[in-house]
Amino acid sequence: MQAVEIVLRTKRYKIILDTAAVLAFEERAKKGLFEVFRNDAPSFTDLLTLVWAMTRTHHAYLTFEKLRGEVELSDYQYLQECVTQFFKAENFGMKKAEEGEAPADDAPPLGDS
C-alpha cells in the first residue's frame, strides 16, 4: 500500500493506513478502527483521529492538536474521501481467488518448524 498525499491549508502530508496507524488510532480513540469505519459517516473526531494516526509513519512530529488547528469542519468530505480509499479490499492485499487457483497451504502449528 502506498502513501497518499493530502493538502490541509498550506501544508502537505503523506498518509498511509498501516499497522502503526491502526494502533495509534485505537489507542487514542479507545475503540476499534473497523467498528468505527464500518459506517459511511464517522464522527468528525474519529475521522480526524484517523487522519492523524495515518500521518505517524511520515510525520511522527505532528501532534493531534497541531493537526486539529489546521482542519476546518468544511474539510470533512475531503478527508473522508482521502481515508475511504484505504478501506478498499485491494488495499489490504485481499483479492478474489481465481477459478482453478490452488488454495494456500496451512501454516504449521506454533512451535513446529
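Residues numbered from 1 in each chain as written. Predicted model: local features only at pLDDT ≥ 70, side-chain atom pairs only at ≥ 80, totals over all residues. Heavy atoms only, no water.

Chemist: Give a detailed account of the overall build of the chain, specifying residues and quantitative values.
Modeler: Of regular secondary structure, the chain possesses five helices and two strands. Shown N-terminal to C-terminal, the secondary structure of the chain runs as helices and strands in the order β-β-α-α-α-α-α. The buried share of the chain, reckoned over its 113 residues, is 35%. Partitioning the intrachain contacts of the chain with sequence separation of at least 6 by distance along the chain shows that 62% fall at a separation of at least 24. Of the roughly 7800 Å² of accessible surface on the chain, 51% is carried by carbon and sulfur atoms. (Helix = DSSP H or I, 4+ residues; strand = E, 2+ residues; numbered from the N terminus. Buried < 20%, exposed > 50% of the residue type's maximum accessible area, 1.4 Å probe, protein only. Contact = heavy atoms within 4.5 Å. Areas by Shrake-Rupley, 256 points an atom, 1.4 Å probe, with all protein chains shown as cover.)

Chemist: Which residues make up the nonpolar core, and what values go with them?
Modeler: One finds Ile6, Leu17, Phe25, Leu50, Met54 and Leu67 to be the most contacted residues of the largest nonpolar core, which totals 30 residues. Counting only elements with at least two residues in this core, the list comes to strand 1 (4-8), strand 2 (11-15), helix 1 (19-29), helix 2 (33-36), helix 3 (44-54), helix 4 (64-69) and helix 5 (76-84). With seven residues, helix 3 is the single largest residue contributor to this core. Every residue in contact with Phe25, bar those within four places of it in the chain, is listed here: Lys30, Lys31, Gly32, Leu33, Val36, Phe37, Asp46, Thr49, Leu50 and Ala53. (Core = buried A, V, L, I, M, F, W, Y, C linked by side-chain atoms within 4.5 Å.)

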